[in-house]
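The residues making up each chain are set out below.
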Amino acid sequence: MRGDLAKAFELANTQVFRHASLPKSYTDLFGRKLFLALLTIQGLGAFALITLGVMLNKFNVARSVVQPRVRHEISRAGVALMPMFLFIALALGFLVVGQTVSALAKVGATNYLGSTMVIVIVRELGPLLTAVLVLARVGTANVIELGTARALGEVEALEALGIDPVHYLIVPRVIGMALGIFALTVYLIIGALGSGYLFAFLQDVPLGPGDYFKQIAEALNWLDFALLALKTVAFGFFIAIVTCYHGLAQPLRLEDVSRVAVRAVTQGVIVCVLVDAVFIVLYLVT
Amino acid sequence: MSENISHPAVIEMSAARIGALRDTLFTVVEHVDWSVSSGEFWVVAGRQHSGKSDLLLHAGGLITPSRGSCRVFGCETKNFGEAQIAERLRIGFVFAGGNLFNQLTIAENVALPLRYQRNYPLKEVAGVVEELLELLELTPFADNTPSNLTVNWRQRAALARALVLKPELLLLDNPLGGLDGRHRQWLMRFLEQLWSGHQYFGGRPMTLVVTADDLRVWQHPQWKYAMLDEKKFSVLGAWREVAAARIPAVKELLAEPVETTI
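Being a predicted model, the structure only gives us computed values, none of them experimental.

Asks: In this structure, what is going on with the overall build of chain B? I would like to understand it.
Replies: Across its full length, chain B carries eight helices and ten strands. Computed over C-alpha atoms, the radius of gyration of chain B comes to 18 Å, within 12% of the 18 Å expected from 2.2 N^0.38 for 262 residues, which places it in the range of a compact globule. Projected onto the principal axes, the alpha-carbon positions of chain B cover approximately 55 × 45 × 40 Å. Per-residue burial over chain B gives 44% buried out of 262 residues. A fraction of 65% describes how many contacts in chain B between residues 6 or more apart in sequence connect residues 24 or more apart.

Next up, the structure:
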């Protein structure tokens, strides 16, 4: 029963150590922290699987209600962030690309420009920066919205109306964030590479725009496109899962909301780094 | 378990242990044996934090008892899942305070169950929603969000949302809590009409269960009463038995007689 969701995922530290005495040693403290971390991973994993199951099983259920919510989430985690990402793309272009192009030109290493840009911007900085910024802007809002909804009894109200809270509240956020991060990453990469060249051009770097973009295009292969898509969708999925898990899958009081928001953002950053590490291994293997 | 052919049991609790919503392992009421038949109106009274809301959540199948059984429309609530959604939708639930969705307007709140369960776009349910809003005098507030309304109107909106799917069993958690005199009288009259068969619902009598922390206003010769006190659930019977009861907790809930127009 969906009502048991709360019980199933109730925060480890409220359930497990409710009646526990104070830790007697640092080893004891470390053991508890480790145990809590494992329980959190278990909870997150179960929540992710439930969400995936609901996404697949209820693909055609209540589309007239869920589809507008998905569009809203795509707008919130994508379209609405475009002005901010234009600024970030310009800043990234100036700080990283422009200076890198200029530095490589000074030592006569412009032949390495394409591969450097692809590794730094396309593979690493673009997706990771986008994920962290979306986590900060939309992920925190997710935790606060869902946490408040939970504390005010809206989740129980959904269940009483026969509406699956995961389908109504989580699935649109997961889809919206996955697609939003993918689109914003592409936007950020294009913006950063374009503005970076613009700054390099203003510094009189002897490199034509044709050569610059040709080098980048040659350094890219099909795997970069495929892994970029996979990586950004994975970032979106896991950020949405972590933030929604902390907001929804546990009984909350209003005063708990700020605490779980901080915890969700911290865990969101950790998850992003872990996902990034997995993809670095994939890049190295392929 | 009492079951009558003409009035089948709607809620049947047998040796049910009632846990709290926030921690279902924490027992708030021990050993509940209770049967609600179709067409009955039950008032479950108790002090604040006596477990009335949790009992009602169990009766609505939103929490399952940690021990014993709870059947609603003949279906064990432990088995309530996607396959039993039809049974779930025969129950309307009005939470204390309403628990409306704050991001949606009142009209959207009322339309949501209908849209989700029938997969209708907003335009298609607009007529039904307008009709129901008019019935509950909520039309002027249709485009307001819940936070812009007083508790009086929020409670009515929650009632409208619970009624939109035309349930057979309506559970209301402390529906009079925080309401002013006018709204109390209106709600009491409306609930009585629902119980005896409202025209809007085709004259079909509805089964109602309400919780209350003050029994005085719920006086009715044909309604049934139960009480929660110190983790115990007791069926008091009809009003005359309530009035004659010598239990201190009942006396407390009947503290002073009040004049009422109901």
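That covers the picture; the talk isn't over yet.
Asks: When you look at helix H1 (residues 52–59) of chain B in this model, what are you seeing that I'm missing?
Replies: An α-helical segment advances 3.6 residues per turn. Residues three or four places apart therefore align on the same side. All names here are of chain B. Counting buried residues in H1 gives eight out of eight residues, a clear majority hidden from the surface. For H1, the set of buried residues is Lys52, Ser53, Asp54, Leu55, Leu56, Leu57, His58 and Ala59. A positive backbone phi angle near 75 degrees is found at Gly61, which sits one or two residues after H1.

Asks: I tried to follow the pairing of strand E7 (residues 169–172) of chain B on my own but got confused; where do I start?
Replies: Looking along a regular strand, one sees side chains alternate from face to face of the sheet. Residue and element names in this part refer to chain B. Side chains of E7 alternate between two faces, with Leu169 and Leu171 and Leu170 and Leu172 buried alike. Pairing geometry for strand E6 (residues 91–94) and E7, over four bridges, is parallel. Each residue of the ladder has a partner; that of Ile91, found in E7, is Leu169. Chirality of the crossover, the property in question, places the unit of E7, helix H6 (residues 181–196) and strand E8 (residues 207–212) among those that are right-handed.

Asks: What exactly am I supposed to notice about the interface of chain A and chain B here?
Replies: Tallying the contact residues gives 18 residues for chain A and 22 residues for chain B. For the side of chain A that touches chain B, the secondary-structure elements that each account for two or more residues are helix H4 (63–77) and helix H7 (154–160) of chain A. Sort the elements by how many residues they give to the side of chain A that touches chain B and H7(A) lands first, with five residues. Of the residues belonging to the side of chain A that touches chain B, the class tally is nine nonpolar, four polar and five charged.

Cut-offs applied
- Residues numbered from 1 in each chain as written.
- Chains lettered and ligands numbered in written order.
- Predicted model: local features only at pLDDT ≥ 70, side-chain atom pairs only at ≥ 80, totals over all residues.
- Helix = DSSP H or I, 4+ residues; strand = E, 2+ residues; numbered from the N terminus.
- Rg over C-alpha atoms; globule rule 2.2 N^0.38 Å.
- Buried ≥ 20, exposed ≤ 12 C-beta atoms within 10 Å, placed from the backbone.
- Contact = placed C-beta atoms within 7 Å.
- Pairing = 2+ DSSP bridges.
- Right-handed = clockwise from strand over helix to strand, strands pointing away.
- Nonpolar A, V, L, I, M, F, W, Y, C, P; charged D, E, K, R; others polar.

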